[in-house]
Amino acid sequence: MSILEKLELELYKKRIPMTVTVELTKRCNLDCRHCYVDHNDLDNELSIDDFKDVIDQLEDMGVMIIALSGGEVFYKKDSFKLIEYIRSKNMGVKLITTATLLNKKDANYLKELGVLEVGLSLYSDKENVHNYITKKESFKKTLEMAIYLKKIGVNVLVKTLIMNLNYKDIKGLHSLLSSYDIPCQFDLGVTDSQNNVREVKKFSLSDEQLLEMYLDEEIRNILYNVKSFEETYCEKGRLENYNDEDAVCSIARTSMWINSKGEVFPCIHFPYPIGDLKKRPLKEIWYNNKMIDRILERSKYKYYKKCHSCSASKYCSPCLALNYMENKEHCNSNNKRDAFSVKKVVNLIYK
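Each value, and the rule that gives it
- Residues numbered from 1 in each chain as written.
- Predicted model: local features only at pLDDT ≥ 70, side-chain atom pairs only at ≥ 80, totals over all residues.
- Heavy atoms only, no water.
- Core = buried A, V, L, I, M, F, W, Y, C linked by side-chain atoms within 4.5 Å.
- Buried < 20%, exposed > 50% of the residue type's maximum accessible area, 1.4 Å probe, protein only.
- Contact = heavy atoms within 4.5 Å.
- Patch = residues over 30% accessible without salt bridge, like charges linked within 9 Å, V, L, I, M, F, W, Y side chains within 5 Å.
- Areas by Shrake-Rupley, 256 points an atom, 1.4 Å probe, with all protein chains shown as cover.
- Salt bridge = Lys/Arg side-chain N within 4 Å of Asp/Glu carboxyl O.
- Helix = DSSP H or I, 4+ residues; strand = E, 2+ residues; numbered from the N terminus.

Peer 1: Could you give me a rundown of the nonpolar core, with the residues and numbers involved?
Peer 2: Judged by nonpolar contacts, the single largest core of 86 residues is most densely connected at Leu 58, Ile 66, Leu 68, Ile 83, Leu 95, Leu 110 and Met 256. Look past the residues within four positions of Leu 68 in its chain and what remains in contact with it is Val 22, Leu 24, Val 73, Leu 82, Ile 83, Ile 86, Val 93, Lys 94, Leu 95 and Ile 96. In terms of nonpolar packing, the next biggest core, distinct from the first, is built from 12 residues, Leu 30, Cys 35, Tyr 123 and Met 163 among them.

Laid out in structure tokens, this is it:
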């Protein structure tokens, strides 16, 4: 076991997230069609000084890395001051941004501050597709900033949500980014919007589109690489490896999200806050909380025995938060469609 693995195991036992995502604001200069953030829910947002107190509490808890998100991080006034404050405590900083509000001077300063990673959203190699999704002329700015950040030595990770709007562009986007040696992380999980402000589920891939995508060997190589796909789905499986007391996901263990109002969530997808930092300190919310206790208990595999009767259980990764958000049952539509599509691919290709 490596030093990092030992550290992660120790943090897991103590329920200390290594990385906590902090939403600075819900404001954004783009208006992406699939975005789950309610950009109009702006009441009671914390100030930068308030966020500094949040950072102090996270440091005291043992958190090592802060991932700043939005909305748009740099839409928040004085966001750079908060980044400076986090780095002054020798805590790591990751950013989740459109990069459309950054210039080269800003990028150079992020390099100087030692930011661990800048995560950017790029949805296609085709300018018109990306701009249609973001509803703004944002493609050139995001791509140019990704290339410049990479050039000056900042770790860049492009994060792409696969939807029915862009799933045919996976190869082209991967090829474009590979030409600049920029890695890309693809995700299939279209998430319901906060307060139901947008109808986003309509952008999820259909069963037919999922199967079409997975049957393409080049796309499987991009999303998984063949070796990991075979090991994950054909040899080891997933749920079949759990014991009754094992957690099926990281919720309330190594996952924490704090929104722009100071409300604390056990993961970014869980629909209800477990506490408010304006009313209770973080350690009390995290370690002395009956709601957390119930979440920890309900995330154990013994409550997922119903999954044994599902023919696609081997190919599924349960998500308690998405399940609860969607229908309060064991399955949510994203996981279910993905699991059955993978099952079909395994049966068609590997058996």
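Peer 1: Go over a nonpolar patch on the surface, please, and point to the residues and values.
Peer 2: Judged by side-chain polarity, Leu 4, Leu 7 and Met 64 come together as a nonpolar surface patch covering roughly 240 Å² of accessible area. Here Leu 7 lies in helix α1 (residues 3-14).

Peer 1: Tell me what's going on with the pattern of salt bridges, and back it up with residues and numbers.
Peer 2: Pairing is possible between side chains of opposite charge, provided their charged atoms come close. For the coordinates displayed, the defined rule picks out 20 salt bridges. A salt bridge links Lys 283 to Asp 60; the nearest nitrogen and oxygen atoms lie 3.1 Å apart. Taken as a pair, Lys 283 in helix α11 (residues 282-287) and Asp 60 in helix α2 (residues 48-61) lie far apart in primary sequence, 223 residues in all. On the basis of relative accessible area, Asp 60 is assigned to the exposed category, the value being 52%. Residues Glu 245 and Lys 302 are paired through a salt bridge, measuring 3.1 Å at the closest nitrogen-oxygen approach. Placement of Glu 245 in the loop between α10 (226-236) and β7 (257-258) and of Lys 302 in the loop between α12 (290-298) and α13 (320-326) is noted, with a sequence separation of 57 residues between them.

Peer 1: Residues and numbers for unusual backbone geometry, please.
Peer 2: Residues apart from glycine generally show negative phi values, whereas peptide bonds are mostly found in trans. Here the amide bond leading from Gly 70 into Gly 71 is cis, since omega sits at 20 degrees, within 30 degrees of zero. Take Gly 71: it is sitting in the loop between β2 (65-69) and α3 (79-88). We note that Arg 15 has phi near 55 degrees; this positive angle belongs to a residue other than glycine. Structurally, Arg 15 is set in the loop between α1 and β1 (19-23). Here Lys 135, not a glycine, exhibits a phi torsion of approximately 65 degrees, which is positive. Within the secondary structure, Lys 135 is located in the loop between α5 (127-134) and α6 (139-151). Judged by relative accessible area, Lys 135 falls into the partly exposed class, the value being 42%.

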